Amino acid sequence: MKFNIKTALLSTCCALFLATGCEDEFKDLNTNNNEPEQASPNVVLTAALEDQMNDFGGTGLGYIGVFNQHFAGNHATGVDYDQYILTNNSFAGQFTNSYLGHLKDYQYLINEGADLGALHYAGVAKIMTALSLGTLSDMYGSIPWSKALDADNNAVEYDTQESIYTAIQSLLSEGITDLGGTSTIDLSRGDFVFGGDTDKWIAAAHLLRARYFNHLSKRDPMGSATSALAAVDAAKAAGLTSSAGDLIHPWEGTAQHRNRWNLLYENNLIIASQNFMNYMVNNNDPRLEAYWDNLAFGSPPVNVGYVGKPQGFGTDNTSYSPVGPAGYFGQTDSDQFVATYFELLFIEAEAAMRSGNAARAATALNAAVRAQVNQVVSHANGLANVPGYFTANASYTAGTVTMEAIMTEKWKAMFTMELESWTDVRRHDYAYPNWLVIPADGTSGPVASEFIRRILYPQAELDLNTDNVPPNVTIFQRLWWDQ
């Protein structure tokens, strides 16, 4: 039977309500009746996974796609972000909700896992906590963590990004260990991602270890490459050898549980970037129809063809190509990629190239391009263009492979995985792909003299945690791993 997320979440709410017992007059007056004393691990995990993964892509982190220039702003917030007009409330929900929502739930599973006989739940909680910390830190740099969940007030100390990255790797290693142990509570009861398959979770943890080691390419080029390649090997050995092992967020496609790119389609705040679209059209990229819809939302829909908008241009009366229901990513029930097999291969290619193993880099790059294209392309036009694309872009040798080829192909493939793609772009100083430009509005030219590097801390943190928030932060300040 297919895991029904909506039903599971309803069960979660019921279970938490029953555990809370807010109206029980016989409760000890010293008990906090607003929190459950003990909730079933399966319902807590379901709620935590949904809370966390709901923000990947589309109307969540999808807006970051204007920073790495898969997308351009079309109106309202989309145009603001595209023109580097950010405030301390931009993306603030991602920050606040993480600490108030899934990180607390994961902490409960980690703390209670052994006592409840839910060691596998604790393992998944550690892996997903690591992913959440990586998400927040790759947006903000230093963030609250070591004391973030046990503080009695809002004055929480910030941990450096370097220490966060150490914590990420520790959590992933511990999660792998926990998942290799024995759990008396069946993980499948709460796991709508892998259906309780601990081997897939272990492989995904190794993939994330490779990702976060690879992020340190500036801080320690050779060391990060060595560690990333070891994690790549471990992920493959654990069974991550195809897209069947992808870490994804499945959407049911119902009105209550709909893919967030499909939600974004209805308001068109961000649409196709002109430079990216022109490349795809001019080079017969087989993913054109998989990525973009030629119909803009409307009643009836407006046929716009395949056309992108200049970066930073502003608002106009022209319609452009969105991510819509005709493609792979914009259907109501399209899966949201979070960490994937093809990403693992791109990491392998980059790390191998950095370590001087061009032959391994070429093999991994070719495999990565082929895996991602084959995964998303089904349109007849795209299928007809696949052989030519593979000949031109997935037939590298040790003598022809370059870092530019690796990172440009990865940038194309990481479509909808926008935060991770932006991290790649920043690590390589916006050099790949070579068509990235500082956005320019339609009247006064470039919006800045340099590319954006980070998100601003939430206003609530500035107001309530003034003494701990890193001071004088601007969107051009580089994060620790970007220096």
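Provided above is the structure to which this section pertains.
Attention shifts here to helix 6 (residues 119-140). In a regular helix each residue adds 1.5 Å, so 22 residues correspond to 32 Å; helix 6 covers 31 Å between its end C-alpha atoms and thus fits that length. Of all the 22 residues making up helix 6, 21 are buried; the element is thus mostly covered by neighbouring parts of the structure. Phi turns positive one or two residues past the end of helix 6, at Gly141, with a value near 85°.

Helix length check: helix 8 (residues 198-214) (17 residues) gives 24 Å between terminal C-alpha atoms against 24 Å at 1.5 Å per residue, within 8%. For helix 8, the buried fraction is high: 15 of the 17 residues fall into the buried class. Two or three places before Asp199, at the start of helix 8, stands the capping residue Asp197, its side-chain oxygen 3.1 Å from that residue's backbone nitrogen.

Below, the discussion takes up the nonpolar core. Within the largest apolar cluster, 146 residues are counted, with the highest numbers of intra-cluster contacts made by Phe67, Trp201 and Trp292. The greatest single-element share of this core, amounting to 11 residues, is contributed by helix 6. With residues near it in sequence (within four places) discarded, Trp292 still touches His70, Phe71, Ile271, Ala272, Phe276, Met277, Met280, Tyr306, Ser321, Pro322, Val323 and Phe415.

Among the structural elements, Trp422 can be located in helix 17 (residues 418-427). Along the backbone, Trp422 and Trp411 are 11 residues apart, and their C-alpha atoms lie at a distance of 8.8 Å. Discounting chain neighbours no more than four positions away, the residues touching Trp422 are Ile64, Phe67, Asn68, Tyr430, Ile452, Arg453, Arg454 and Ile455.

Right, let's get into the pattern of salt bridges. Taken as a whole, this structure holds 21 salt bridges when the rule is applied. Here Glu343 makes a salt bridge to Arg211, at a shortest N to O gap of 2.8 Å. Taken as a pair, Glu343 in helix 13 (residues 341-354) and Arg211 in helix 8 lie far apart in primary sequence, 132 residues in all. Accessibility expressed as a relative area gives 4% for Arg211, which makes it buried. Of the charged contacts, one joins Glu348 and Arg360 as a salt bridge, the two residues approaching to 2.7 Å between their closest N and O atoms. Here Glu348 is found in helix 13, whereas its partner Arg360 is found in helix 14 (residues 358-376), with 12 residues between them in sequence. Given the relative accessible area of 6%, Glu348 is considered buried. Through salt bridges with shared partners, a single ionic network connects Lys218, Asp429, Arg453, Arg478 and Asp482.

So, on to unusual backbone geometry. Across the junction of Ser299 and Pro300, the peptide omega takes the value 0°, indicating a cis bond. Mapped onto the fold, Pro300 is located in the loop between strand 6 (295-296) and strand 7 (302-303). Between Tyr432 and Pro433 the backbone carries a cis peptide bond, its omega angle lying at -5°. Summarising the element assignment, Pro433 is placed in the loop between helix 17 and strand 9 (440-441). Notably, Asp429 is not glycine yet its phi reads approximately 55°, a positive angle. Note on placement: Asp429 falls in the loop between helix 17 and strand 9. Look at Asn472: it is not a glycine, yet its phi comes out positive at around 55°. For Asn472, a relative accessible area of 71% corresponds to the exposed category.

This part is about the packing of helix 13 against helix 14. For any two helices packed against each other, the geometry comes down to the angle between their axes and how far apart the axes lie. Viewed as axis vectors pointing N to C, helix 13 and helix 14 meet at an angle of 160°, and their least axial separation amounts to 8 Å. Classified by the interaxial angle, the pair formed by helix 13 and helix 14 is roughly antiparallel. At the point where helix 13 passes helix 14, the crossing takes the left-handed sense. Contacts between helix 13 and helix 14 involve Tyr341, Phe342, Leu345, Phe346, Glu348, Ala349, Ala352 and Met353 from the first element and Ala358, Arg360, Ala361, Ala364, Leu365, Ala367, Ala368, Val369, Ala371, Gln372 and Gln375 from the second.

A full pass over the atoms with the stated rule returns 32 aromatic pairs. Between Tyr81 and Phe91, the ring centres sit 5.0 Å apart and the planes meet at 20°, which makes this aromatic pair stacked. Taken as a pair, Tyr81 in helix 3 (residues 76-82) and Phe91 in the loop between helix 3 and helix 4 (92-100) lie far apart in primary sequence, 10 residues in all. With relative accessibility at 9%, the residue Tyr81 sits in the buried group. For Phe91, a relative accessible area of 9% gives the class buried. The ring of Trp422 has Arg426 sitting right over it, with the charged end atom 3.7 Å from the ring centre. One cation-aromatic arrangement involves Arg454 over Tyr457; the distance from NZ or CZ to the ring centre is 4.8 Å.

Reading the values: the criteria
- Residues numbered from 1 in each chain as written.
- Predicted model: local features only at pLDDT ≥ 70, side-chain atom pairs only at ≥ 80, totals over all residues.
- Heavy atoms only, no water.
- Helix = DSSP H or I, 4+ residues; strand = E, 2+ residues; numbered from the N terminus.
- Expected span 1.5 Å × (residues − 1).
- Buried < 20%, exposed > 50% of the residue type's maximum accessible area, 1.4 Å probe, protein only.
- Polar contact = N/O pair within 3.5 Å; in protein donor to acceptor, adjacent residues only side chain to side chain.
- Core = buried A, V, L, I, M, F, W, Y, C linked by side-chain atoms within 4.5 Å.
- Contact = heavy atoms within 4.5 Å.
- Salt bridge = Lys/Arg side-chain N within 4 Å of Asp/Glu carboxyl O.
- Axes fitted to C-alpha atoms, helices over the stretch in contact; angles between N-to-C directions.
- Parallel < 35°, antiparallel > 145°, perpendicular 65-115°, else oblique.
- Left-handed = near helix turned anticlockwise from the far one by under 90°.
- Phe/Tyr/Trp six-rings, centres within 6.5 Å; stacked < 30°, edge-to-face > 60°.
- Lys NZ or Arg CZ within 6 Å of the ring centre and 35° of its normal.

Structural measurements only, silent on function.
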